[in-house]
Amino acid sequence: MLGRRGPDPFCWGRFLETLCREEPVVQGPNGRLELKPLLLRLPGLCQRNLMSLLMAVRPLLPESRLLSVLQITQQDAVSASDAWLHALGEMLRRDLEVGGSRASPLSKRCQSQLRGLCKQLGQGGRRLKLPQVPDPEEVKDEENEDRDSQQRGKRRKEPEEELASSDGEKAPKRFRGWEREEEDHKEERLEPESLESLSHGVGSSPIKKQPVVGVEASEAGQSLEEAKIPAERVVLPKALQDQLPRLQQLLRTFGEGLQGLEDTPPVELQLLHECSLSQMELLCAQLQLPQLSDAGLLQLCTWLLSLSPSLSISNATVLARSLFLRRILSLTSSASQLLRAALTSFCAKYTFPVCRALLTPVLQAPGTGPAQTELLCCLMKDESLEPDTQQLILGHILELSWKEETFLVLQALLEQQVEMTSEKFNVLMEKLCEEGLAATTSVAYAKLILTVITKYQPSITETQRLGLAVALEPNTTFLRKSLQAALRHLAR
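The following refers to the structure shown. Given the structure is predicted, the values throughout are model-derived calculations rather than measurements.

What to know about helix α6 (residues 108–121)
Inference 1: An ideal rise of 1.5 Å per residue puts 20 Å on 14 residues; α6 measures up with 20 Å between its terminal C-alpha atoms.
Inference 2: Restricting attention to buried positions, one finds in α6 the residues C110, Q113, G116, L117, C118, Q120 and L121.

So this is what it looks like as structure tokens:
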């Protein structure tokens, strides 16, 4: 239960009181000491999750303590600019009925974007309006117009009046009429000038000439909106903007190979926790991370890995892509020891981001060659990778379409005797049997099969052994006889 921890009830009042407690903190570039509530010292994502938790356990919370928390978030400028925090706070205030206020949970920015969306969707006489507090006289006029409309057997002229109508039976019919009208004007909505105007309204996709449907979908949530917001509209957090020259100077120091760098991460890197997905992409572009030297890459990764709390999965994915992907794909010879160390250490802590941003793209890229394959094999063989990290990597590889480079990387991983469930092992065996007909001349495939038979012999069932025998029947490599002998040994 959310409201209990162990046999005793959780003290939510003391918990909320602690969040409101002020503590000294160093603020600003001048290092000024200020008092700041503990709640505001949490990263933005943590604050959102906390407010969501408070929504879930609302009946258990003391109103006086909860009101103090809401007042703190309302007075904080950063929290007020966060659309999710603003919405969650307003929903909690509604539950408390503070001052009888029924303020909209949408922030001013979201309301402005919604108005812009309604204006764009209202082109051609089909104008939409935001719901407003109804005027008593307008309500009477609408009711009279409803009765007149029903007598004439015609729908009313303005769609916004139909939305505000309380006649629930006729609404679906009117909506179908709108659909027919929308079909008549479909080409009009997709004109270039309409899309251009949309790009200056709500948070639209950076891809030009994208259908309006994509713009509407981006309004469903803040994360989707940030993923599609044009690059020119993304702005870094104010605190990070102030420290950007300092970060750029540090990276230039990496490139110059100067000594005397600090072992502990600079305090400026803590500001990465405040970045959204689009802001992190902008920051990586401004810092020109792909141009770092291998030595600078290792130093930066060392600092990133020592951050507490850890980076979010989405931000770690952006960093992995920016730091490593172009560097790895452009390799024409063996990777340096510095690059291997940086990649291995980053993968050990942020395995899922590395799999999503690096492993999958590199294995699926058409230009993957010996240099890239060698680097990935070294990563698979590294002893610092934990068993759960190996299992996660294996799961990603099993979901890919396999080719020659995949066989080599998978063999390097399976040589470490990865612990896996029976379900995952069954998937592995099925994939191996499926690839047999397409890999009749592949030595890498034959070595992979030999590794599986040798390392995982106790797990292979009789059905799987027969499946491998069928898959190896057309094999033409020099390892065919050795594989068939190993399969016969399994049958004993």
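Here we look at helix α25 (residues 462–472)
Inference 1: Those residues of α25 that sit buried are Q464, R465, L468, A471 and L472. Down the axis, α25 shows its buried residues gathered within 120 degrees of arc, on one side only. α25 presents T463 and V470 as exposed residues on the side facing more than 90 degrees away from its buried surface.
Inference 2: In this structure, the buried residues of α25 make contact with α23 (422–435), α24 (443–455) and α26 (480–491).

Structural notes on the nonpolar core
Inference 1: Ranked by size, the top nonpolar core spans 90 residues in total, and within it L323, F324, F346 and L432 carry the most contacts.
Inference 2: Top contributing element to this core by residue count: helix α17 (residues 313–329), with eight residues.
Inference 3: Those residues in contact with F346, other than ones at most four positions away along the chain, are C301, L304, L305, A316, L319, A320, F324 and V354.
Inference 4: If you look at the next biggest cluster of nonpolar residues, it comprises 17 residues, including L19, L50, V57 and L92.

Structural notes on unusual backbone geometry
Inference 1: Of note, the amide linkage connecting S308 to P309 takes the cis form, showing an omega dihedral of 0 degrees.
Inference 2: Looking at the element boundaries, P309 is found in the loop between α16 (294–305) and α17.
Inference 3: Even without being glycine, Q288 reaches a positive phi, approximately 55 degrees.
Inference 4: Within the secondary structure, Q288 sits in the loop between α15 (277–287) and α16.
Inference 5: Owing to a relative accessible area of 45%, Q288 belongs among the partly exposed residues under this scheme.
Inference 6: The phi angle at Q417 is positive, at roughly 55 degrees, despite the residue not being glycine.
Inference 7: Along the chain, the position of Q417 falls in the loop between α22 (404–414) and α23.

Brief notes about the environment of Q372
Inference 1: Note on placement: Q372 falls in helix α20 (residues 370–381).
Inference 2: When its relative accessible area of 2% is taken as the criterion, Q372 is described as buried.
Inference 3: Taking the C-alpha atoms as reference points, Q372 and I328, separated by 44 residues in sequence, lie 6.3 Å from one another.
Inference 4: Not counting residues within four places of it along the chain, the set of residues in contact with Q372 comprises I328, L329, S330, L331, V362 and G367.

Re the environment of A438
Inference 1: By the secondary structure assignment, A438 is in the loop between α23 and α24.
Inference 2: A C-alpha to C-alpha distance of 9.6 Å links A438 and N475, two positions 37 residues apart in sequence.

Looking at the pattern of salt bridges
Inference 1: Enumeration according to the criterion identifies eight salt bridges in this entry.
Inference 2: For R41, the salt bridge is made with E23, and the minimal N-O distance between the two is 3.2 Å. In this pair, R41 sits in the loop between β4 (32–37) and α2 (44–56) while E23 sits in strand β3 (residues 22–27), placing the two residues 18 residues apart along the sequence.
Inference 3: On the accessibility criterion, R41 (42% relative accessible area) is partly exposed.
Inference 4: E268 is the salt-bridge partner of R246, the closest N and O atoms lying 3.4 Å from each other. Placement of R246 in helix α14 (residues 238–256) and of E268 in the loop between α14 and α15 is noted, with a sequence separation of 22 residues between them.

Cut-offs applied
- Residues numbered from 1 in each chain as written.
- Predicted model: local features only at pLDDT ≥ 70, side-chain atom pairs only at ≥ 80, totals over all residues.
- Heavy atoms only, no water.
- Helix = DSSP H or I, 4+ residues; strand = E, 2+ residues; numbered from the N terminus.
- Expected span 1.5 Å × (residues − 1).
- Buried < 20%, exposed > 50% of the residue type's maximum accessible area, 1.4 Å probe, protein only.
- Arc of directions from axis to C-beta.
- Contact = heavy atoms within 4.5 Å.
- Core = buried A, V, L, I, M, F, W, Y, C linked by side-chain atoms within 4.5 Å.
- Salt bridge = Lys/Arg side-chain N within 4 Å of Asp/Glu carboxyl O.

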